[in-house]
Amino acid sequence: MPLPRILKHQDSVVLCHNLLPEKVLLKSAVSEKMLKPTGRIVGIIKRNWRPYCGMLSKSDIKESRRHLFTPADKRIPRIRIETRQASTLEGRRIIVAVDGWPRSSRYPNGHFVKNLGEVGDKETETEVLLLEHDVPHQPFSQAVLGFLPKMPWSITEQDMENREDLRHLCVCSVDPPGCTDIDDALHCRELKNGNLEVFVLINSISTFTQLSMLASFYFYLFKVGVHIADVSHFIRPGNALDQESARRGTTVYLCEKRIDMVPELLSSNLCSLRSNVDRLAFSCIWEMNDNAEILKTRFTKSVINSKASLTYAEAQMRIDSATMNDNITTSLRGLNKLAKILKKRRIEKGYISPKTPTKICLNSALTLSSPEVRFHMDSETHDPIDLQTKELRETNSMVEEFMLLANISVAKKIHEEFSEHALLRKHPAPPPSNYEILVKAAKSKNLEIKTDTAKSLADSLDRADSPIFPYLNTLLRILATRCMMQAVYFCSGMDNDFHHYGLASPIYTHFTSPIRRYADIIVHRLLAVAIGADCTYPELTDKHKLADLCKNLNFRHKMAQYAQRASVAFHTQLFFKSKGIVSEEAYILFVKKNAIVVLIPKYGLEGTVFFEEKDKPKPRLIYDDEVPSLKIEDTVFHIFDKVKVKIMLDSSNLQHQKIRMSLVEPQIPGISVPPDTSNTDMNEPERKKKKLQK
């Protein structure tokens, strides 16, 4: 019965538990860890078939109209189709839809839908990864575009109702280079007569004597603001623009392309907090003392005029400059000073590490590591010519600290007002079994990692240092990220557990990126109702509809992550296709029964080195799960060992090209390969020149 072959994890099925035979349970040789719940499929409620991308395998029979289609998704079986265009479609990416699967047939039947383009072409492969990850990317319809503001647009008196004019403030934005969808901007200013300001806030001090005592203890007060694009002003509930934004759920960032959640007129223009133009915002404003302690929090709809759109590098340069003392620079220094105190306080509580690894996992109270790469593109061909890990600065942390603070402050406010239907975000604590590989890896280096709480994990990672192996701490943090659970959106009225494990925060939400996340738009609407700046509507206070919305948002965010990873993988293949074969140093992240998984710090690239290949003698392999280690002949590999690997692009399968790694050092006869560095430092133009000279 071919039924299970086409069954996918999205299909709705009926499962019947199939208990293990008693005689198996009685065998002492079978450990409890090896026992897994099993079941059998007794019925399918609903199919979740979709159009599939892939390639045509042309029949060997001449003039045959029946051919097999091989999907790009390896979990899907081949599909039999009939077409007279086989010669034209061979070697191209196509879309095929499944029509059915006869009981007597080995393959399901389907039909040709669309020719996407040539295999390996960047536009074609980008289209494939978007379709395969179910990312809505079609142009916005006229029905959706019809709800956009008419141009030229300007702020009217009606727009200013229930809105505060903050255009006089020295607000600026700090973002990555080339960012056009600017969600957030910040400001910081020192208040005059800090002692008197405090008297107003601490209204329990009322007598002249008490005021005199307070005046003798002068300290600074700061007013700090996070200003977020007021996207909900332009996207009103229930219209076509709102429905399409909710369906897309999130903006998807690929290596050379951005799939917007909202039309470009909003994302890169009217909602983007660009410099020197008036923009509508939603502001979270705190009054803080010089110890970054919050004395007062308020929220308001506002209009701002950003004085500068800076990159992280430009903002860092201003902060570090000995000659720049303008208002923008002063504001940035104040923000950076307070952010450091906020971060230090979290460190003292044990929720964050002072270490700065290759890549900080933002929105996390645990400082974990996950290498993130940046491609440098050729200006003419747009092919990747360099691949590097991203550099992080103090200003990255500065912005992130205040975004976290705004999200937590808003979460508290909307939950106070809407205890049953606040849209929140939680991060479940990982089960203890998730940490086994991390604990074992640390133990192999005579280090102890405690995982009973987020605090103990953070403290353990902070102490996990080796003077002779500085990169060890980063590797441990990379392993720690693999232990984490996925953070999810949920409705407060449908769940009792609000805790965000990564942030060690009792409550959290997303407020700071409404241009690229639909969840933030809902949070903006809730907050606007909470402060009396807007009116509610039935769906906003329906916890069941909100729960359904959260389900879609969680799915869209997961698919966006997968699509982004696929885009990085494809561009990595393009990079090594032009660079040729290279040999680089790497560290072992995992050992398996017949392979090692390595990380190459130079490229932030992870790959697997296999030791068993077809048509080759099998080496003697001994795997130890407790250490963990893998012995190959007389050489033993442990997690975090340093090795040297050869990297090359394997194009033997056009549809599933992949980066292949082979062991260079340590040298094991019959296993290791000789290094090939002939192309290591040669870029594409130099290779073409050398080829022409030959």
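Our subject is the structure listed above.
Residues numbered from 1 in each chain as written. Predicted model: local features only at pLDDT ≥ 70, side-chain atom pairs only at ≥ 80, totals over all residues. Heavy atoms only, no water.

A. Inspection of the pattern of salt bridges at higher detail. One pass over the structure, following the stated rule, counts 36 salt bridges. In this structure, R525 engages D242 in a salt bridge whose closest nitrogen and oxygen atoms are separated by 2.9 Å. Placement of the pair is R525 in helix 16 (residues 518–530) and D242 in helix 8 (residues 240–248), with a sequence separation of 283 residues. By relative accessible area, D242 is classed as buried at 7%. (Salt bridge = Lys/Arg side-chain N within 4 Å of Asp/Glu carboxyl O. Helix = DSSP H or I, 4+ residues; strand = E, 2+ residues; numbered from the N terminus. Buried < 20%, exposed > 50% of the residue type's maximum accessible area, 1.4 Å probe, protein only.)

B. Seen up close, the packing of aromatic side chains. Counted by the stated rule, this structure contains 10 aromatic pairs. When the centroid spacing of 5.5 Å and the interplanar angle of 50° are considered together, the rings of F490 and F498 count as tilted. Judged by centre distance (4.9 Å) and plane angle (75°), the ring pair of F575 and F576 falls under edge-to-face. The pair F575 / F576 is uniform in exposure class, with both members buried. Within the aromatic cluster, the residues linked to one another by ring pairs are F469, Y471 and Y587. The ring of F140 carries the charged tip of R248 above its face, separated from the ring centre by 3.9 Å. Between the NZ or CZ atom of K426 and the centre of the ring of F490, over which it lies, the distance is 5.5 Å. (Phe/Tyr/Trp six-rings, centres within 6.5 Å; stacked < 30°, edge-to-face > 60°. Lys NZ or Arg CZ within 6 Å of the ring centre and 35° of its normal.)

C. Spotlight on the pairing of strand 6 (residues 92–100). Where burial is concerned, most of strand 6 is hidden: seven out of the nine residues are buried. Where strand 3 (residues 52–57) and strand 6 come together, four bridges link them in antiparallel fashion. Within the sheet, the bridge partner assigned to Y52 lies in strand 6 and is V96. Bridge count between strand 6 and strand 7 (residues 109–118): eight bridges; the pairing is antiparallel. Residue pairing in the sheet places A97 in a bridge with H111 of strand 7. (Pairing = 2+ DSSP bridges.)

Remember, this is a structural readout, not a statement about activity or role.
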